[in-house]
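Analysis of the macromolecular model
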Amino acid sequence: MSHRGSTIIGSIVVVVVALLLAVLCRIFVVEMYTVAPQQMENTLLPGDRIMVEKWHYGVRLPQSYISMPFVDTIPGTELPARWPGTPLPCKYLWIDVVEHNDVIAYNYPTGEAKPIADFPTVVARCVGVPGDIIEVQGDMLYINDEPIEQSLLITEAYLVPDTLLNVVEAAMDTLWGESLPRQSVGEQSLFYIDRYGYNRLTTILPSLQLPQFVTLPQDNYRIELPPYGSDAVVTATNAAFYADIINRYEPCKVELRGDELYRDGNKITTYQFTQPYYWVLCDNRTASTDSRHFGVLPHNHVIGRCGMIVFSIDAQRRGFDSWRVERFFQHCKL
């Protein structure tokens, strides 16, 4: 073989190896994600490009041997764009439990018969880990009956009667140079304000003129997450809750009879869950992509920990003005 031929083959090998390493890094180590609107505002903003550390909670193995990216079927056919067509069981090389207050990326549980990695990607904060008792009463969060201090960047809903609208909007204009967006609700206006902003309003408005916090229907509940690594005791209180988790995510099925669980016709009083389950909340409490809507988050839906904001672009601006330079390389766990 000529020297030129050897050089070409060597270059091809280098390119192939580089591509393979890049693909493996993207699948198993880190990947970049863009934050969608109305999930973590104002902790994370739409257009934030974040680095997700996939290895942090254990490496999730692919559920297919071969797949074609970005499509569910081979273009022009109805054939699955992956082999095998039916997803393989989701497995991890190891499992490390998510920690309290970690900001994580995960696949929204849809229950569809396709690889979990193809489910929509969402970002939220982990507030509950296995064994925790989670209680929310309006704007207060309790973990194991202890009140938890929450981020001042959490966005919540507030109502302002039309009779005070001009006063409140004038105060907002004083603080921020403009009024916040609002929605009309009968003879009132609905604002979404972060806690830091609300605290600033209290410095210039008397209490009777302040926006009134709105308790949304999903903001009053109490749940106890199942333990991981030890037997969960089935009780009359948690039987229905456990049955829902087991039948949706565990490798077996159970039957709920009254307040008792049966497996293969036999009553069970304990069950050992095969993976951790979490409770996650978006910092934007008006969002509909967290545990208040789909229930517990199974570990096999966790993509990884959100490490840092690599860069951030404001889609409402143009040119260099769209770059939010002050957010570059910020840590996500605020």
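To keep things clear, this report deals only with the structure shown in the data block. (Residues numbered from 1 in each chain as written. Predicted model: local features only at pLDDT ≥ 70, side-chain atom pairs only at ≥ 80, totals over all residues. Heavy atoms only, no water.)

Focus on the overall build of the chain
From N to C terminus, the chain includes five helices and 23 strands. A burial count over the chain gives 43% of its 334 residues as buried. Look at the contacts in the chain between residues 6 or more apart in sequence, and 64% of them connect residues 24 or more apart. (Helix = DSSP H or I, 4+ residues; strand = E, 2+ residues; numbered from the N terminus. Buried < 20%, exposed > 50% of the residue type's maximum accessible area, 1.4 Å probe, protein only. Contact = heavy atoms within 4.5 Å.)

Considerations on the sheet that holds strand S8 (residues 140-143)
Taken together, four strands build an open sheet; the order of strands is S9-S8-S7-S14 and the sheet is antiparallel. Edge strands, defined here as strands with exactly one partner in the open sheet, are strand S9 (146-147) and strand S14 (220-224). Pairing of strand S7 (residues 133-137) with S14, which is carried by five bridges, proceeds in the antiparallel orientation. Each residue of the ladder has a partner; that of Val-136, found in S14, is Tyr-221. (Pairing = 2+ DSSP bridges.)

Let's talk about the nonpolar core
By size, the foremost hydrophobic cluster in this structure holds 26 residues, and its most contacted members are Ile-134, Ile-246, Leu-261, Phe-273, Trp-279 and Val-296. Elements that contribute at least two residues to this core include exactly S7, S8, S14, helix H4 (239-249) and strand S20 (277-281). With six residues, H4 is the single largest residue contributor to this core. Excluding residues within four positions of it along the chain, Phe-273 makes contact with Pro-226, Pro-227, Tyr-228, Ala-232, Tyr-242, Ile-245, Ile-246 and Glu-250. (Core = buried A, V, L, I, M, F, W, Y, C linked by side-chain atoms within 4.5 Å.)

Here we look at the sheet that holds strand S10 (residues 155-161)
The strands that make up a sheet pair up through hydrogen bonds in the backbone, lying either parallel or antiparallel. The strand order across the open sheet formed by four strands is S11-S12-S10-S13, and the pairing between neighbours is antiparallel. The open sheet has two edge strands, strand S11 (182-185) and strand S13 (212-213), and neither has a second partner. Where S10 and S13 come together, two bridges link them in antiparallel fashion. Of the residues in S13, the one forming a bridge with Tyr-158 is Phe-213. Across the sheet, helix H2 (residues 165-176) is in contact with S10, S11 and strand S12 (188-194); its angle to S12 comes to roughly 25°. (Axes fitted to C-alpha atoms, helices over the stretch in contact; angles between N-to-C directions.)

A word on the packing of aromatic side chains
Taken as a whole, this structure holds 12 aromatic pairs when the rule is applied. Pairing Tyr-158 with Tyr-198 gives two aromatic rings, centres 4.8 Å apart and planes at 15°, and the pair type is stacked. Placement of Tyr-158 in strand S10 and of Tyr-198 in helix H3 (residues 195-201) is noted, with a sequence separation of 40 residues between them. The buried category is assigned to Tyr-158, whose relative accessible area is 4%. Residues Tyr-242 and Phe-273 carry aromatic rings whose centres are separated by 5.3 Å and whose planes lie at 75° to one another, so their mutual orientation is edge-to-face. Of this pair, Tyr-242 sits in helix H4 while Phe-273 is found in the loop between strand S19 (270-271) and S20, placing the two residues 31 residues apart along the sequence. The residues Tyr-242 and Phe-273 share a single accessibility class, namely buried. Here the aromatic residues Phe-241, Tyr-242, Tyr-249, Tyr-271, Phe-273 and Tyr-277 are joined through ring pairs into a cluster of three or more. In this arrangement the basic side chain of Arg-257 is found over the ring face of Tyr-262, its NZ or CZ atom lying 4.0 Å from the centre. (Phe/Tyr/Trp six-rings, centres within 6.5 Å; stacked < 30°, edge-to-face > 60°. Lys NZ or Arg CZ within 6 Å of the ring centre and 35° of its normal.)

Focus on unusual backbone geometry
With phi around 55°, Asn-144 is a residue other than glycine that occupies positive phi space. Turning to its location among the elements, Asn-144 is positioned in the loop between S8 and S9. Here Asp-264, not a glycine, exhibits a phi torsion of approximately 55°, which is positive. Relative to the helices and strands, Asp-264 resides in the loop between strand S17 (260-263) and strand S18 (266-268).

Focus on the environment of Pro-298
Along the chain, Pro-298 turns up in strand S21 (residues 297-298). Along the chain, Pro-298 and Trp-279 lie 19 residues apart, while their C-alpha atoms are 9.1 Å from each other. Discounting residues that sit within four places of it in the chain, Pro-298 has contacts with Tyr-249, Gln-275, Pro-276 and Tyr-277.

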